[in-house]
Amino acid sequence: MAYEMILTETQGAVAVIRLNRPQALNALCDQLMGELGEALRGFDADPAIAAIILTGSEKAFAAGADIKEMKDRTWPGVYFEDFITARWEAVTTIKKPVIAAVAGFALGGGCELAMMCDMIIAADNAKFGQPEINLGIIPGAGGTQRLTRAVGKAKAMDLVLTARMMDATEAERSGLVARVVPLDQLMAEAMKVGEKIASLSGPAVAIAKEAVNRAFETTLAEGVRFERKIFYSLFATEDQKEGMSAFAEKRKPAFRNR
Ligand code: CAA
């Protein structure tokens, strides 16, 4: 399918989706989010792909939902159209790891989109924020929930109530970001993570992602029970036999995703 607002490419088993609406700092309009959902679902279904990198430009990962598109929307409109839910939730249904490689602004829906991914790698020029309060609204794509779980109440309140931005160093210190690298190394670092994931057992990777994400949605006791069951299930895979045999035989495992 031909996209207008994103660019896609693959490097080996790693897919890269680049938000590409530079004139609007990658503001996340309906069309862009539709294309993003389509591309993510396509790569998720492609057995040749093991991990997906989502990135933007050097200036902006994404400066939020498209304010100009939103400004005339009405209450019954957003409610009955399932605005946000219909398009954005697609990102959270992907089984393969999605790595956000963030440079520049990740604001509002841009920060929320990054937080829907499984891991954020930030360039040293990245800026994160939930400035919706400046517009007379609040974050609407999970910002008040995912940011609070990632950085705790103190920082989340600070960002959501004052619209202050957090730089990459503060974001890493606060637990929002996994790694910070110089801007010119952002894609190489994200690719390194993608390639490492691609060398592993696909079922183990998908199940590991599911188990970690479960921690955000359940109690500790339920989460541990869930982990135990899903851990047991991996003993039904050939990859578990291969991984453990390879260790015992002091050789590299050759996983076959089954
Ligand atoms: N929506 C629509 N257009 C946007 C946009 C957005 N979120 N962010 C930037 N743009 C557009 C600007 O309107 C401008 O377009 P024109 O040249 O046609 O005027 C272009 O992108 C460049 O932006 P600036 O000239 O403002 O660039 P800057 O470098 O001076 O400032 C910025 C950068 C601080 C990110 C500033 O653009 C800004 O504050 N953007 C809005 C950030 C924001 O409020 N995001 C939250 C949106 S609401 C939301 O996301 C709801 C939700 O939770 C789902």
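Cut-off values and rules
Residues numbered from 1 in each chain as written. Predicted model: local features only at pLDDT ≥ 70, side-chain atom pairs only at ≥ 80, totals over all residues. Heavy atoms only, no water. Salt bridge = Lys/Arg side-chain N within 4 Å of Asp/Glu carboxyl O. Helix = DSSP H or I, 4+ residues; strand = E, 2+ residues; numbered from the N terminus. Buried < 20%, exposed > 50% of the residue type's maximum accessible area, 1.4 Å probe, protein only. Phe/Tyr/Trp six-rings, centres within 6.5 Å; stacked < 30°, edge-to-face > 60°. Near = heavy atom within 4 Å. Polar contact = N/O pair within 3.5 Å; in protein donor to acceptor, adjacent residues only side chain to side chain. Areas by Shrake-Rupley, 256 points an atom, 1.4 Å probe, with all protein chains shown as cover. Contact = heavy atoms within 4.5 Å. Pairing = 2+ DSSP bridges. Patch = residues over 30% accessible without salt bridge, like charges linked within 9 Å, V, L, I, M, F, W, Y side chains within 5 Å. Axes fitted to C-alpha atoms, helices over the stretch in contact; angles between N-to-C directions.

Novice: Would you mind going over the pattern of salt bridges with me for this structure?
Specialist: Pairs may arise between side chains of opposite charge once their charged atoms sit close together. Taken as a whole, this structure holds 14 salt bridges when the rule is applied. Lys209 is paired through a salt bridge with Asp118; the nearest N and O atoms lie 2.7 Å apart. One end of the pair, Lys209, is in helix H10 (residues 202-214); the other, Asp118, is in the loop between helix H5 (109-116) and strand E7 (119-123), and 91 residues separate them in sequence. Across the pair Glu222 and Arg225 runs a salt bridge whose closest N-O atoms are separated by 2.7 Å. Of this pair, Glu222 and Arg225 both sit in helix H11 (residues 220-233), 3 residues apart, which is roughly one turn of that helix. Judged by its relative accessible area of 39%, Glu222 is partly exposed.

Novice: What is the right way to look at the packing of aromatic side chains in this model?
Specialist: For any pair of aromatic rings, the description rests on two quantities: the centre-to-centre distance and the angle between the ring planes. Considering all chains together, one arrives at 4 aromatic pairs under this definition. Seen from their ring centres, Tyr79 and Phe80 are 4.9 Å apart, and the 80° between their planes marks the pair as edge-to-face. Between Phe231 and Phe235, the ring centres sit 5.3 Å apart and the planes meet at 75°, which makes this aromatic pair edge-to-face. Residue classification places Phe231 among the partly exposed residues on the basis of a relative accessible area of 45%. By way of ring pairs, the aromatic residues Trp75, Tyr79 and Phe80 are connected into one cluster.

Novice: In this structure, what is going on with the site of the ligand? I would like to understand it.
Specialist: Near the ligand you find 24 residues, and of these Ala65, Lys68, Gly109, Glu112 and Glu132 are the closest. The backbone of Gly109 places a nitrogen or oxygen atom 2.7 Å from an oxygen atom of the ligand. The fraction of the free accessible surface of the ligand (980 Å²) that becomes covered by protein chains is 65%. At the level of elements, helix H2 (67-70), strand E6 (105-107) and H5 are the ones that each hand at least two residues to the shell around the ligand. At 3 residues, H2 tops the list of elements feeding residues into the shell around the ligand.

Novice: So what exactly am I meant to see when it comes to the side chain of Glu242 here?
Specialist: Within the element layout of this structure, Glu242 appears in helix H12 (residues 238-248). Ignoring any residue separated from it by four or fewer positions in sequence, one finds Glu242 in contact with Arg251, Lys252, Pro253, Ala254 and Phe255.

Novice: Which parts of the structure should I look at to understand the pairing of strand E5 (residues 98-102)?
Specialist: Each regular strand shows side chains that alternate between the opposite faces of the sheet. Most of E5 is tucked away, with 5 of its 5 residues classed as buried. Here E5 shows a buried face lined by Val98, Ala100 and Val102 and a second buried face lined by Ile99 and Ala101. In this structure, strand E3 (residues 51-55) lies alongside E5, joined through 4 bridges in parallel fashion. In the sheet register, Thr55 faces E5, and the bridge partner there is Ala101. Pairing of E5 with E7, which is carried by 4 bridges, proceeds in the parallel orientation. Paired with Ala101 across the bridge in E7 is Ile121.

Novice: Sorry, what's going on with a nonpolar patch on the surface here?
Specialist: A surface patch of nonpolar side chains, about 440 Å² in accessible area, is lined by Phe231, Tyr232, Phe235 and Met244. Checked against the element boundaries, Met244 lands in helix H12.

Novice: Help me understand the sheet that holds E7 in this model?
Specialist: Strands belonging to one sheet form pairs held by backbone hydrogen bonds; the direction of such a pair is parallel or antiparallel. Spatially, E1-E2-E3-E5-E7-E10 is the arrangement adopted by the 6 strands of the open sheet, whose pairing is mixed. Every interior strand has two partners, whereas the edge strands, strand E1 (6-11) and strand E10 (179-181), have only one. Geometrically, the sheet is characterised by an average inter-axis angle of 20° between neighbouring strands, direction not taken into account. Pairing analysis gives 6 bridges linking E1 to strand E2 (residues 14-19), with the strands arranged antiparallel. Paired with Ile6 across the two strands is Leu19, which belongs to E2.

Everything listed here is a matter of geometry and, on its own, says nothing about what the molecule does.
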